[in-house]
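Summary of the model geometry
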Amino acid sequence: IIFAFAILIVLFLMFNHLLSKRLKKKEEEFAEKGKIMQEALQASNCMVVVYDLKKRTIWNKYGNFIPKKQITFSEYNSNVHTEDRDKLRQFIEDLLKSDNKHITESYRWNRGTEEQPDWRNILDQSVVEYDSNGKPITFISTLIDVTEELRNEQAEKEILEKYSKVFNMSLVGLALYDKNG
């Protein structure tokens, strides 16, 4: 009986050792995936925010899009351009109704103050997270500031229009002469 008990203890210790090695390996893999995700977010200039539907608060998951630790939805909405607020409201409604559970929208966001606004063009890609009863509990949104890209596109478009007008309006003169004039 003592021998069988000793064997059980040894087997238990071996199993415990193997299990702890596996857990440690999984922790390392998880940490590595987290590091890769952080690098991908940083390289793509993305920010991630979470909107808690129950508390109606929004906070940064990654990046510094939200200026404080967290803000209410009404504070968030007050930074959205007045012309885009209905679009944002519709975006949230569509996200809640969507079977796709993933929707993209763009709107203007004020990074400045009311006195000195700094309007940024934001591309918002959001997904809904549900509880075990299938009830929506949070939105997780990846936000990308595309302001500079849009400004560059507009500048390129203006240059293209300017030079295409010059080339379209220019007259090409062609004269043919022989050796006698």
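These remarks concern the structure in this document. Residue positions are counted from 1 within each chain, in the order its sequence is given. For this predicted model, a pLDDT threshold of at least 70 governs which residues receive local features, and a threshold of 80 or more governs which side-chain atom pairs are given and counted, while totals over whole chains, interfaces and linings are taken from all residues. Side-chain measures here rest on the full set of heavy atoms in the structure, leaving out hydrogens and waters.

1. A word on a nonpolar patch on the surface
- Together, F3, I7, L8, V10, L11 and M14 make up an exposed nonpolar region whose accessible area comes to about 620 Å².
- Strands here mean DSSP runs of E at least two residues long; helices mean DSSP runs of H or I at least four residues long; both are numbered from the N terminus. Positionally, F3 belongs in helix α1 (residues 2–43). Within the patch definition used here, like charges are joined within 9 Å and nonpolar side chains (Val, Leu, Ile, Met, Phe, Trp, Tyr) within 5 Å, considering only residues with over 30% relative accessible area and no salt bridge. Here the Shrake-Rupley method, with its probe set to 1.4 Å, supplies the accessible areas, and only the displayed protein chains count as covering residues. Any Lys or Arg side-chain nitrogen found within 4 Å of a carboxyl oxygen on Asp or Glu counts as a salt bridge.

2. Quick look at the side chain of S141
- Looking at the element boundaries, S141 is found in strand β6 (residues 136–145).
- The residues touching S141, leaving out its near neighbours within four places in the chain, are M47, V48, V49, D124, Q125 and S126. We call two residues contacting when some pair of their heavy atoms lies within 4.5 Å.

3. What to know about the pattern of salt bridges
- All told, the structure shown has 10 salt bridges when counted by the stated rule.
- Across the pair K68 and E75 runs a salt bridge whose closest N-O atoms are separated by 2.9 Å.
- Burial here depends on accessible area, computed with a 1.4 Å probe over protein chains only, as a share of the maximum for the residue type. Under 20% is buried, over 50% is exposed, and the range in between is partly exposed. Assessed through its relative accessible area of 31%, E75 is described here as partly exposed.
- What emerges from the salt-bridge pattern is a single network uniting D118, R120, D145, E148 and R151.

4. So, the nonpolar core
- Within this scheme, the nonpolar core is defined by two criteria: the residues are buried Ala, Val, Leu, Ile, Met, Phe, Trp, Tyr or Cys, and they are joined through side-chain atoms within 4.5 Å. Counting residues in each nonpolar core, the largest one holds 21 residues, and the members touching the most others are I58, F65, Y76 and L88.
- In terms of residues, this core owes the most to one element, helix α3 (residues 85–97), which gives four residues.
- Each residue touching I58, except ones within four places of it in the same chain, is listed here: V49, V50, Y51, I66, Q70, I71, F73 and Y76.

5. Structural notes on the sheet that holds strand β5 (residues 119–130)
- Here, a strand pair is defined by DSSP locating no fewer than two bridges between the strands. With antiparallel pairing, the six strands of this open sheet are ordered in space as β3-β2-β1-β6-β5-β4. Edge positions in the sheet fall to β3 (70–72) and β4 (102–110), since each has one partner strand and no second. For this sheet the average axis-to-axis angle between neighbouring strands, irrespective of direction, equals 30°.
- Relative to β3, strand β2 (residues 57–62) is paired through three bridges, and the arrangement is antiparallel. Across the sheet, residue T57 finds its bridge partner in β3, namely T72. Here the axes come from fitting lines to C-alpha atoms, over the contacting stretch only for helices, and the angles between their N-to-C directions go from 0 to 180 degrees.

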